[in-house]
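Per-entry structural report
Single-letter residue listing:
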Amino acid sequence: MTPASHTPTRILTGITTTGTPHLGNYVGAIRPAIHASRQADTQSFYFLADYHALIKCDEPARIQRSTLEIAACWLAAGLDAEQVTFYRQSDIPEIPELCWLLTCVTGKGMLNRAHAYKAAQDQNEAAGRELDDGVTAGLFMYPVLMAADILMFSARKVPVGRDQIQHIEMARDIAASFNHLYGEHLTAPEAVVDEHVALLPGLDGRKMSKSYNNTIPLFAPQEELRKAIMGIVTDSRAPGQAKSTEDSAISALSRAFATPAETRAFAKAFASGIAWGDAKQQLFERINAEIAPMRARYQHLMAHPEEVEAALQAGAAKARAQATPFMHTLRRAVGLASLDMTVSTLPDKPAPAATALPQFKQYREADGLFYFKLTGAGGRVLLQSRSFIAPRKAGQAVRRLQTEGAAALSSLHASLEPVEDEAALLQALAALQAAAK
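Residues numbered from 1 in each chain as written. Predicted model: local features only at pLDDT ≥ 70, side-chain atom pairs only at ≥ 80, totals over all residues. Heavy atoms only, no water.

This part takes up the packing of aromatic side chains. Under the definition given, this model contains twelve aromatic pairs. Among the aromatic side chains, those forming a connected cluster through ring pairs are F45, F47, Y87 and F153. Lying across the ring of Y212, R206 places its NZ or CZ 4.1 Å from the centre. Lying over the aromatic face of W276, K243 brings its terminal NZ or CZ to 5.5 Å of the ring centre. (Phe/Tyr/Trp six-rings, centres within 6.5 Å; stacked < 30°, edge-to-face > 60°. Lys NZ or Arg CZ within 6 Å of the ring centre and 35° of its normal.)

Structure (structure tokens):
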């Protein structure tokens, strides 16, 4: 018998084009993503999110420079542009077009709850400013553009940090709303969170982050890399004194690059009282051994940006080979068809599906707190809770709403976000209450 064909899982990763990559970016995101792209059962899409960068940065030269640095970094680190689809977001005009179609089916109330927008408002409130002071429409619409990035290429899985899970949930809700109105065209994505992602310490022992100004540039020249590593903060234990690997930035950095045997040998040296200077020299040599070949490739690409541009243009052609016909399908679905088409050839508005009960969904957010929402037809959010410290409390509120219906709203008022469509909510709660009897 001929074995059944297996459809590869489509995975999409966006890379924001601001800043210069550092060792933490390499260990936590670049290296594992490149390894994942080599799996035979995956179809990988990697894009430079330069439209998203405009939300954070208004310096054109910085955005262009960062785009080159980051693209060169990924290529130098081993990303095979021929085996994956590697493109620049702004080279795919279908993405902002899809963003507008999605904007027209996205509720403002859902966007009001986006973490980045709420954080900006909280900062303004704490500073005594107007809540929306300095908030651009770009920041507010960020989740819709992110949904367009994902839904354009029917990505099944999207690797994200915990702080981005909400955006994937929003993309799912937006896709459901569009499909409810225009037919089953968009694929609901799934967030993939690596709970074991490596978080490297920086020069001061805190998490390596640009915001702490404690990073080690990924492709710094060899002597600059050595100087940075020699400047890592250590304690006052002298040579000959045993040193712990548990709270050592040097040891943590070493583990991210060393083999298991090398890690054991380094731990033994710590226990034997290795001098900090010697430990740092060993760390430099181990990191440089992995980085040096990539650094040479990176320096070549930075000196020949036309090679990077050629790779991105080839990736854009691959991406548009899928995006252009898909966008034609979506345009027809919403009624933006050519006028020389007869009405009979246009797709009919999908027939209403069999009536399904509204659904409650409980979930945990990146802040560690618990929430629930009630969704109706097409994934439309009818009711959104505020945070609960304990999941049991959220569950109790859901059960009350299911069994008591609208009567429970007044007593739960403090735990609920403002309602946009009260009539639709009351109808949904009545349906649930009737089903519970």
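Moving on, we get to the environment of R88. Here R88 lies in strand β3 (residues 85-88). Given the relative accessible area of 13%, R88 is considered buried. Discounting chain neighbours no more than four positions away, the residues touching R88 are L48, D50, T67, E309, L312 and Q313. In this structure the side chain of R88 is engaged in a polar contact, spanning 2.7 Å, whose partner is the side chain of E309. (Helix = DSSP H or I, 4+ residues; strand = E, 2+ residues; numbered from the N terminus. Buried < 20%, exposed > 50% of the residue type's maximum accessible area, 1.4 Å probe, protein only. Contact = heavy atoms within 4.5 Å. Polar contact = N/O pair within 3.5 Å; in protein donor to acceptor, adjacent residues only side chain to side chain.)

Positionally, P358 belongs in the loop between α13 (305-334) and β6 (359-364). A residue is classified by how much of its surface remains accessible, and P358, at 13% relative accessible area, is buried. Counting along the chain gives 276 residues from P358 to E82, while the straight-line C-alpha distance between them is 45 Å. Once residues within four sequence positions are removed from consideration, P358 is found in contact with L374, T375, G376, A428, A431 and L432.

Looking at the protein chain, the pLDDT average stands at 89 and 93% of residues meet or exceed 70. Least confident of the elements in the protein chain is helix α15 (residues 422-436), whose mean pLDDT is 80; most confident is helix α4 (residues 94-103), at 98. (pLDDT = per-residue confidence, 0-100.)

Glancing now at the nonpolar core. Grouped burial of nonpolar side chains is what soluble globular proteins tend to show. By size, the foremost hydrophobic cluster in this structure holds 51 residues, and its most contacted members are L23, Y26, W74, F86, F257 and I291. When contributions to this core are tallied by element, the ones reaching two or more residues are α1 (23-37), β2 (42-49), α3 (60-76), α9 (222-230), α10 (249-257), α11 (260-271), α12 (276-303) and α13. For this core, the element with the most residues is α12, which contributes ten residues. Grouped together as the second largest cluster of nonpolar side chains are 46 residues, L12, Y142, V144 and V160 included. (Core = buried A, V, L, I, M, F, W, Y, C linked by side-chain atoms within 4.5 Å.)

Next up on the list: the side chain of T85. If you trace the backbone, T85 turns up in strand β3. For T85, a relative accessible area of 6% corresponds to the buried category. Every residue in contact with T85, bar those within four places of it in the chain, is listed here: S44, F45, Y46, G315, K318 and A319.

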